[in-house]
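Structure assessment
Listed below are the residues making up each chain.
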Amino acid sequence: MKTIRSTVFLAATLAGAVALSPVAAQTIAITGGKVYPVSSAPIENGTVLIRDGKIVAVGANVSIPADAQRIDATGKWVTPGLINSMTQIGLYEVGQVQNTRDDAARGTDNIAAAFRAWEGLNTQSVLIAPARREGVTNVAVVPSGGQLVSGQAAMLNLVDGMPTDMIVRTPIAMVAQVQNPAGAGVGARGELIVRLRELIEDTRAFMRNRAAFERAETRDFIASRLDLEAMIPVVEGRLPLLVRADKATDIDAALRIAQENDLLIIIA
């Protein structure tokens, strides 16, 4: 158990020394530990050299600049920071207190594609510091809710500051689901799949007829203008569609939709 704690502590040390000051120019050397690189064998008595928040050298014989801040990792493991790839950290605090929950949008007709979850991020969340101490340096914050489409996800770095300081990339995926018909406002899984196909088809029709839409000369669409605009990168294959699915048949349905429409897809 002591070894595990040493490992986690050092990952958190890296987050504290580097990620918490992403703008300041600095050089940091973590020395003396057993380094576990991503794609090569462990390095005994290794050094990890970080400059301006980015790793620039890893090895047993790394030259350390005289002005580098040194962190002694003797007797510990040095590992990459952990990534939580699907979380509501910073969006969800207390389940029974509504104004501490910013993880789910109401949307229109169970579609909230324009919802950007990270814009409601609570950077003072009491959950962020413990996660960082345990070695989690990056997270993908994903909107929750059972709607057909619940919104857009973002990749964040758990640094101190405002959301703009934490954002690594936005959006990283559009989040949908094919497992909960009631949440999508329909009665059966097959109907849910129909609505998802309809949303994709309507997005393409909106793209082709945007000028006519602005003149109110198109048929009604399944989603609002902002939601249709948010779906454009998905149907163009530039933004992955992250689909929540539990049953094998749900997964198969999601994969069929992706294949039929040439979408990038992630199964959650």
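An account of the accompanying structure is given in this report. These numbers come from a predicted model, not from an experiment.

With that out of the way, let us pick up the nonpolar core. Residues I111, V149, M174, V178 and L199 are the most contacted members of the largest nonpolar core, which totals 34 residues. Contributions of two or more residues to this core are made by β9 (167–177), α4 (189–208), α6 (225–235), β10 (241–244) and α7 (248–261). Sort the elements by how many residues they give to this core and α4 lands first, with seven residues. Residues contacting I111, with those up to four places away along its chain left out, are L148, V149, R195, L199, I222, A223 and D227. Ranked by size, the runner-up nonpolar core spans 18 residues in total, among them I128, A131, L158 and V159.

What follows is about the sheet that holds β9. If you trace the six strands from one edge of the open sheet to the other, you get β6-β7-β8-β9-β10-β11, paired in mixed fashion. Unpaired on one side and paired on the other, β6 (82–87) and β11 (265–267) mark the two borders of the sheet. On average, each strand axis in the sheet is tilted by 30 degrees relative to the strand beside it, whichever way the strands run. Pairing of strand β7 (residues 136–141) with strand β8 (residues 149–157) involves four bridges; the strand directions are antiparallel. Looking across to β8, one finds that A140 is bridged to M155. The strands touched by α7 are β10 and β11; relative to β11, the strand with the most contacts, the crossing angle is about 175 degrees.

Empty space left among the atoms is revealed by rolling a probe the size of a water molecule over them. This structure, assessed with the given rule, holds one cavity of 30 Å³ or more. There is about 30 Å³ of room inside the largest cavity. In terms of lining, the largest cavity is formed by V178, L196, L241, V243, A254, I257, A258 and I265. Elements with a contribution of two residues or more to the lining of the largest cavity: β10 and α7. Per element, the largest residue contribution to the lining of the largest cavity is three residues, and it comes from α7. Of the residues in the lining of the largest cavity, the class split is eight nonpolar, no polar and no charged.

Cut-offs applied
Residues numbered from 1 in each chain as written. Predicted model: local features only at pLDDT ≥ 70, side-chain atom pairs only at ≥ 80, totals over all residues. Heavy atoms only, no water. Core = buried A, V, L, I, M, F, W, Y, C linked by side-chain atoms within 4.5 Å. Buried < 20%, exposed > 50% of the residue type's maximum accessible area, 1.4 Å probe, protein only. Helix = DSSP H or I, 4+ residues; strand = E, 2+ residues; numbered from the N terminus. Contact = heavy atoms within 4.5 Å. Pairing = 2+ DSSP bridges. Axes fitted to C-alpha atoms, helices over the stretch in contact; angles between N-to-C directions. 1 Å grid on protein atoms, 1.4 Å probe; cavity = no way out; pocket = protein on both sides within 12 Å on 5 of 7 lines; lining within 4 Å. Points joined across faces, edges and corners; volume = space filled by probe spheres on them. Nonpolar A, V, L, I, M, F, W, Y, C, P; charged D, E, K, R; others polar.

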